[in-house]
Structures are given as C-alpha cells and as structure tokens.
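# Survey of secondary and tertiary structure
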Amino acid sequence: MARILLTGSTSGIGLAAASRLAEQPHELILHGPEPEHAAAAAATVARGAHPEARISYASADFAEPDAVRALAERLSSDHGRLDVLVNNAAIPGPPSLTLGPAGTDLTYQVNYLAGALLTHLLLPSLGPNGRIVNVASATHFSATLEVDDLDFRRRPYSPSTAYAQSKLAIVTYTNWLAPRISQTVLSIHPGVVATGLLHAMFAIGGVPPAVGGDNLAAATTAHVASGAYLDETRPSEPSVESLDTDLQRELVADTAERLAVALP
C-alpha cells in the first residue's frame, strides 16, 4: 500500500486520477479548497474504491501560503511517511490580473509556488524511494520566464499567459530539483483535457477527464529517470528554456525569497 497525496483532486483531472488510484489498495489523501464537510468528491471516490483502500480528505486554500504550511504540518503529524506527492492543484488565469494575499500573481501562487512550498515542507516525509509528480502543461512551450516581472507589473497580462508562465515555472523547477534530491521527481503534460479549467481560457475541445486522469495516475509508477518530462505517458523533451541552468538558478532564488525558505 502506497501513501499518496493528490492535490487538486476534487474536480477535473485530479478527481479522475483519484478515482483511478483508489482502485488499488493505496492510502489516498485527497486535497481541495473546499472545507471538509463540503468535499463530496472524497465520498464519490471512496464509493468506488478498492476494499482495502483508505481515503481521507484535507482542505487548504493554495492562494494562502500559510494554508500550505498548515497542510504540510498536519500531514506530517497525522500521516508520517509519504510515498508519492502529486502536485496537481491549479487554477486558470483570472480574466484580469489578480494578486494573492502575498502580492503575487494569483495563478503563479496557486499553480507553482504552493506546490514548490508543499514539496519543500514534505520532502522529509518522503522516503528515498519516494516520488513527486508535478502537473505541468504543453502550454509551457509558449511561455517565457521574466523573473524580474513574474507579477506582470510591466508586461501585458492575459489569462493564458499567466497560466503558461506558471506551468513553465513548474517544469523549470522540476529540472532544477531532480539532481539535488534522492527521490524521483518528474513533470507531466496530462493531455488537452475537456475541463472547466481548459474552457476558462481556451475555446477548444479536449479528451474526457478520465483520459487525463489515467495519464496522471500512470505517472505515479512510470519507470522513468528523475527529471523526466512526460507528454501524457511518453518521455519527451521539455522546452529549451526550462533546461537553461542560469534561468533555473534565477527562478529558484526568486522562489526561495518569495517563500522565505532555503531550497535544496
């Protein structure tokens, strides 16, 4: 039985992945922004779960860095060892520039910084054979990281630009982290999936959420090297920018300053 934390698991790809993972005798910790009493998704997953699976739910609003810290503290004290961390929580870019409580672009805070902070805080709970799966997107190929203007103080803002920037940050950070920890860390584009998140920014169709969920669930056990980027289930080359070691260092320095932590 693996102990798996899956963030952003109350809708879309996350909910579909949770349903797939629950078919095995895992201990599955679901996360979402909804309060515990309103998390119907956890009950839905539990109804179709393997008889030996254990399903629990933890609430945290990833717009609030302190909520991420509280979640990590709760999980470390309540659950101890963790085998797999899946950083899936994400929002679409809001229609207009929106800053979170820390003064950071809200999309960047929820999609990237929250996952980076949670990873940092839970690394001691991940055994040496543990795994971190960071959900990215093929939109990262269209993005650039201007580390001195991540909050769009100078550049024009658009929802899709903010979203793509957050996903490029995820891939870039994953590439930086891989050689620095003993655990396996990878990033994944789970597919173009027909979810509310996709349709909030792009007027296109996509495959059913179950397909993206299957791809994400498969990444938790895929036999790939640490640092791999998966295009659905296939190892692929990420963007050239994400592999730039100078940019990686700039991003990580900015991330550490924003989160007030010393990253590995």
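Details of the structure are given in the entry above.
Read on for an overview of the structure.

What counts, and at which threshold
- Residues numbered from 1 in each chain as written.
- Predicted model: local features only at pLDDT ≥ 70, side-chain atom pairs only at ≥ 80, totals over all residues.
- Heavy atoms only, no water.
- Buried < 20%, exposed > 50% of the residue type's maximum accessible area, 1.4 Å probe, protein only.
- Helix = DSSP H or I, 4+ residues; strand = E, 2+ residues; numbered from the N terminus.
- Pairing = 2+ DSSP bridges.
- Axes fitted to C-alpha atoms, helices over the stretch in contact; angles between N-to-C directions.
- Contact = heavy atoms within 4.5 Å.
- Arc of directions from axis to C-beta.

Turning our eyes to something else, we now look at the pairing of strand 4 (residues 82-87). When you tally the buried positions in strand 4, you get five out of six residues, the bulk of the element. Relative to strand 4, strand 1 (residues 3-6) runs parallel, the two being bridged by three bridges. Paired with isoleucine 4 across the two strands is valine 84, which belongs to strand 4. As defined by bridge partners, strand 4 adjoins strand 5 (residues 126-135) across five bridges and the pair is classed as parallel.

Once that is clear, we can look at the sheet that holds strand 2 (residues 27-32). Two pairing modes exist for strands in a sheet, parallel and antiparallel, and in both the strands are linked by backbone hydrogen bonds. With respect to topology, eight strands assemble into an open sheet ordered 3-2-1-4-5-6-7-8, the strand pairing being mixed. Looking at the sheet topology across the chains shown, the edges are occupied by strand 3 (54-59) and strand 8 (234-236). For this sheet, the mean inter-axis angle between neighbouring strands, taken without regard to orientation, is 25°. Packing against the sheet, helix 4 (residues 106-122) makes contact with strand 1, strand 4 and strand 5, and its axis sits at approximately 170° to strand 4.

Our focus in this paragraph is helix 7 (residues 209-219). For helix 7, the set of buried residues is Gly212, Gly213, Asn215, Leu216, Ala217 and Ala219. Looking at the buried positions of helix 7, the neighbouring elements they touch are strand 1, helix 1 (12-21), strand 4, strand 5, strand 6 (184-189) and strand 7 (229-231).

This part takes up helix 2 (residues 40-47). Among the residues of helix 2, Ala41, Ala42 and Val45 are the ones counted as buried. All buried residues of helix 2 project into a common sector of 100° when viewed along the axis, lining one side. Away from its buried face by more than 90 degrees, helix 2 exposes Ala40 and Arg47. Considering only its buried residues, helix 2 is in contact with helix 1, strand 2 and strand 3.

Following the sequence through the fold, threonine 255 ends up in helix 8 (residues 245-259). Relative accessible area serves as the criterion here: at 0%, threonine 255 is assigned to the buried category. Those residues in contact with threonine 255 that lie beyond four places of it in its chain are Tyr108, Tyr112, Leu113, Ala116 and Leu263.

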